[in-house]
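Observations on the model geometry
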Amino acid sequence: MNIISNFKVATVVGARPQFVKAAAISRRLRCMAREVLIHTGQHYDANMSEVFFQELEIPAPDYHLDVGSGTHGKQTGEMLEEIEEVLLQEKPDWVLVYGDTNSTLAGALAAAKLHIPVAHVEAGLRSFNRRMPEEINRVLTDHLAALLLAPTEVAVRNLRKEGLMEGVELVGDVMYEVALEHLKAAEQHSRILERLGLNGRGFALATVHRAENTDDPSRLSAILDALGRIGREYPVVLPLHPRTREAARRLSGAWLEHLQVTEPLPYLDMVRLESQARLILTDSGGVQKEAFFFHVPCITLRDETEWVETVDSGWNVLAGAEPERIVHAARSYKPGSHNTFPYGRGDASRRIIALLLAAGEKKTLSEPSQSNKFAPTTQECAV
């Protein structure tokens with residue numbers, strides 16, 4: 001594959017799921033072209049940001065915008081203003097965005113307003129719940145993007161239903177690739193089980209962070225109550241997102257004494273816990289998929305999911321925020337056969353980079369050649 005030294009991609013990240021996906025792409029992309037990495041600061045806690053860059057060996061951000069938390073409008077607006085300034089300065093040929101956060105939408109909007117083409121990783125995902133901020137972000141981003149990088153056949157069909165057919169590419173799931181790459185490292189280096197006194201397959205792992213759960217006291221109270229009831233039967237580990245921790249402080253109940261609550265955990269610790277759990281309970285799309293990758297039964301604490309393949313395969317069940325449904329599923333739910341692999345072959349990053357470079361090669365046809373400062377020097381650069 002040709003190396004295009006005068007082709008520049010600006011990548012926008014801001015939240016831990018995006019850091020995980022960037023781990024599979026940024027290092028390889030930088031061997032083949034120029035990348036400018038923009039960190040919005042949407043996730044600013046060290047446990048949710050810095051440790052991911054260190055563990056996953058993601059290149060340090062070229063720009064850190066330090067936007068931080070705030071209402072959706074305030075946060076997205078500040079990101080939009082800051083990202084626009086960077087794009088005006090850097091003049092990239094493409095902007096690459098991931099997933100469905102406010103950082104995703106701000107990056108896509110800033111690029112589109114400046115007539116810079118957008119590539120969207122995880123295009124086509126739909127929960128069909130417009131009350132979710134993430135659903136609004138992913139739909140708008142898809143309709144702004146020139147290159148729609150879909151992880152599954154279902155995602156491709158969703159885009160077609162919305163009239164989006166040009167620029168749609170089925171590439172597989174980047175997180176599947178990252179999970180495969182880092183499972184062995186987690187087994188070798190993570191000591192989270194020993195630190196928490198856990199035995200493999202003897203505990204449940206839970207995560208709660210979606211606004212639909214954390215911003216609704218009745219839903220959050222019901223979920224925590226269910227987790228506490230399960231925690232009376234076997235250990236339940238609950239790494240608490242800062243927003244969830246703040247919301248939980250305002251609730252009454254004895255759920256806390258029956259759970260092993262931790263700070264947000266580094267990626268390798270989470271992979272170790274996920275792969276060794278007997279059960280995962282979550283409202284996170286990424287954790288749902290990782291449970292599927294590691295053959296661990298999953299109970300989703302939502303009323304719908306954009307990762308429908310995990311449900312169709314029998315390895316994920318939707319329980320919403322109803323304590324009885326959650327507890328019943330934890331006691332009686334048995335997973336399916338896991339005989340389907342809807343998320344590709346673990347080569348999504350290479351496919352994505354190949355598509356971006358193909359766009360870059362078109363750009364350079366009429367331009368003079370430039371000296372190559374970005375030649376690959378290690379096997380990490382093999383794409």
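We now examine the overall build of the protein chain. Within the protein chain, the regular secondary structure consists of 16 helices and 13 strands. Computed over C-alpha atoms, the radius of gyration of the protein chain comes to 21 Å, within 12% of the 21 Å expected from 2.2 N^0.38 for 383 residues, which places it in the range of a compact globule. For the protein chain, the share of sequence-separated contacts (at least 6 apart) that also reach a separation of at least 24 residues comes to 70%. Of the roughly 16000 Å² of accessible surface on the protein chain, 50% is carried by carbon and sulfur atoms. Put simply, the protein chain has 42 plus and 51 minus side-chain charges, and the middle of one group is 3 Å from the middle of the other.

A few words on helix 5 (residues 133-144). Taking 1.5 Å as the rise per residue, helix 5 with 12 residues should run 16 Å; its terminal C-alpha atoms sit 17 Å apart, in good agreement. Turning to helix 5, its buried residues number three or more, namely Glu134, Glu135, Asn137, Arg138, Val139, Thr141 and Asp142. Each element contacted by the buried residues of helix 5 is listed here: strand 4 (94-98), helix 4 (102-113), strand 5 (118-121), strand 6 (147-150) and helix 6 (153-161).

The next thing to look at is the packing of helix 10 (residues 217-231) against helix 15 (residues 323-332). Where helix 10 contacts helix 15, the two axes come as close as 9 Å, and the packing angle between them is 30 degrees. By the angle class used here, helix 10 and helix 15 are roughly parallel. As helix 10 runs across helix 15, the sense of the crossing is right-handed. Listed contacts from helix 15 to Ala222, Ile223, Asp225, Ala226, Arg229 and Ile230 of helix 10 are Pro323, Glu324, Ile326, Val327 and Ala330. Its residues assigned to classes, the contact of helix 10 with helix 15 shows eight nonpolar, no polar and three charged.

Let's shift gears to the side chain of Arg16. Counting through the fold element by element, Arg16 comes out in helix 1 (residues 16-32). Residue Arg16 is classed as buried on the basis of its relative accessible area, which comes to 18%. In terms of polar contacts, Arg16 uses its side chain to reach the backbone carbonyl oxygen of Leu265, at 3.0 Å.

Quick look at the sheet that holds strand 13 (residues 316-318) now. Ordered in space as 10-9-8-11-12-13, the six strands form an open sheet in which the pairing is parallel. Bordering the open sheet on either side are strand 10 (260-262) and strand 13, each of which pairs with just one other strand. Neighbour to neighbour, the strand axes of the sheet diverge by 20 degrees on average, direction disregarded. Taken strand by strand, helix 12 (residues 267-276) contacts strand 8 (204-207), strand 9 (236-239) and strand 11 (279-282), and its axis lies near 130 degrees from that of strand 8. The sheet contacts of helix 15 involve strand 11, strand 12 (298-300) and strand 13, and relative to strand 12 the element is tilted by about 170 degrees.

Now for the sheet that holds strand 2 (residues 34-39). Whether parallel or antiparallel, the strands of a sheet pair through hydrogen bonds between backbone atoms. Read from one edge to the other, the open sheet built from seven strands follows the order 3-2-1-4-5-6-7, with strand pairing classed as parallel. Strands at the two margins of the open sheet, each flanked by one partner only, are strand 3 (63-64) and strand 7 (168-170). Strand contacts of helix 1: strand 1 (8-13), strand 2, strand 4 and strand 5, with the helix running at about 160 degrees to strand 2, the strand carrying the most contacts. In the packing of helix 4 onto the sheet, contacts are made with strand 1, strand 4 and strand 5, and the angle to strand 4 comes to roughly 160 degrees.

So, on to the nonpolar core. Formed by 94 residues in total, the largest nonpolar core has its most connected members in Ile25, Ile38, Leu87, Leu96, Tyr267 and Leu273. Looking at which element gives the most residues to this core, the answer is helix 1, with nine residues. Other than its neighbours up to four places away in sequence, Leu273 contacts Ile192, Leu193, Leu198, Phe203, Leu205, Val237 and Leu265. Grouped together as the second largest cluster of nonpolar side chains are 28 residues, Ala204, Val208, Leu240 and Trp255 included.

Next up on the list: the pattern of salt bridges. On inspection of all chains with the given rule, the structure shows 30 salt bridges. Between Arg195 and Asp269 there is a salt bridge, with its nearest N and O atoms 3.3 Å apart. Separated by 74 residues along the polypeptide, Arg195 in helix 8 (residues 192-196) and Asp269 in helix 12 bring together distant segments of the chain. In this structure Arg195 comes out as exposed when scored by relative accessible area, which is 54%. A salt bridge links Arg250 to Glu246, with the nearest nitrogen and oxygen atoms 3.7 Å apart. Under the relative-accessibility criterion, Arg250 is labelled exposed at 60%. Taking relative accessible area as the criterion, Glu246 reaches 39% and is therefore assigned partly exposed.

What follows is about the environment of Leu251. Considering the arrangement of structural elements, one finds Leu251 in the loop between helix 11 (242-249) and strand 10. On the basis of relative accessibility, which here comes to 21%, the residue Leu251 falls in the partly exposed class. C-alpha separation for the pair Leu251 and Arg345, spaced 94 residues apart in sequence, amounts to 44 Å.

A few words on a negative patch on the surface. Judged by side-chain charge, Asp66, Glu81, Glu82, Glu84 and Glu85 come together as a negatively charged surface patch. Within the secondary structure layout, Asp66 lies in the loop between strand 3 and helix 3 (72-90). Exposure remark for Asp66: the relative accessible area of 57% places this residue in the exposed category.

Cut-off values and rules
- Residues numbered from 1 in each chain as written.
- Predicted model: local features only at pLDDT ≥ 70, side-chain atom pairs only at ≥ 80, totals over all residues.
- Heavy atoms only, no water.
- Helix = DSSP H or I, 4+ residues; strand = E, 2+ residues; numbered from the N terminus.
- Rg over C-alpha atoms; globule rule 2.2 N^0.38 Å.
- Contact = heavy atoms within 4.5 Å.
- Areas by Shrake-Rupley, 256 points an atom, 1.4 Å probe, with all protein chains shown as cover.
- Lys, Arg positive; Asp, Glu negative; His and termini not counted.
- Charge placed at Lys NZ, Arg CZ, Asp CG, Glu CD.
- Expected span 1.5 Å × (residues − 1).
- Buried < 20%, exposed > 50% of the residue type's maximum accessible area, 1.4 Å probe, protein only.
- Axes fitted to C-alpha atoms, helices over the stretch in contact; angles between N-to-C directions.
- Parallel < 35°, antiparallel > 145°, perpendicular 65-115°, else oblique.
- Left-handed = near helix turned anticlockwise from the far one by under 90°.
- Nonpolar A, V, L, I, M, F, W, Y, C, P; charged D, E, K, R; others polar.
- Polar contact = N/O pair within 3.5 Å; in protein donor to acceptor, adjacent residues only side chain to side chain.
- Pairing = 2+ DSSP bridges.
- Core = buried A, V, L, I, M, F, W, Y, C linked by side-chain atoms within 4.5 Å.
- Salt bridge = Lys/Arg side-chain N within 4 Å of Asp/Glu carboxyl O.
- Patch = residues over 30% accessible without salt bridge, like charges linked within 9 Å, V, L, I, M, F, W, Y side chains within 5 Å.

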